[in-house]
Amino acid sequence: MKHNNIHDWAHCFDENLVRGVTIALLRQYQSPKEARKQHAQEVVDDFQYAGDIADVITARYSGRRTYPDFEQFFPEILAYLAQKYPTAESTNQ
């Protein structure tokens, strides 16, 4: 991430979140090819969590009325990532 001028986890997550939302929106409003192209570009650019974030948004938020707004949904993203990428501390408990 250093070549992207990102030096801390908060900034890294923010960038991945924005890019994940972009991929999810492309999936919803553009062609599948455009969404795949954007996803591939994010991987090349080292935004490795963007696709996962897009996946959870697509599966659990887009087109649903379960949450009144994205802020209410946001903890779902964190829970999904925590489950998919457990830390050493969480796997030792």
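Overview of the structure. (Residues numbered from 1 in each chain as written. Predicted model: local features only at pLDDT ≥ 70, side-chain atom pairs only at ≥ 80, totals over all residues. Heavy atoms only, no water.)

**Here's the deal with the pattern of salt bridges**
Right, on to step 1. Enumeration according to the criterion identifies six salt bridges in this entry.
Right, on to step 2. Among the ionic pairs, Arg27 bridges to Asp55, the shortest N-O distance being 2.8 Å. On the criterion of sequence distance, the pair formed by Arg27 in helix H1 (residues 9–29) and Asp55 in helix H3 (residues 50–60) is long-range, its members being 28 residues apart.
Right, on to step 3. A salt bridge links Asp52 to Lys84, with the nearest nitrogen and oxygen atoms 2.8 Å apart. Taken together, the residues Asp52 in helix H3 and Lys84 in helix H4 (residues 70–84) connect sequence positions 32 residues apart.
Right, on to step 4. By relative accessible area, which is 41% here, Lys84 ends up partly exposed.
Right, on to step 5. Each of the salt bridges in this network shares a partner with another, and the network as a whole consists of Glu15, Arg19 and Glu42. (Salt bridge = Lys/Arg side-chain N within 4 Å of Asp/Glu carboxyl O. Helix = DSSP H or I, 4+ residues; strand = E, 2+ residues; numbered from the N terminus. Buried < 20%, exposed > 50% of the residue type's maximum accessible area, 1.4 Å probe, protein only.)

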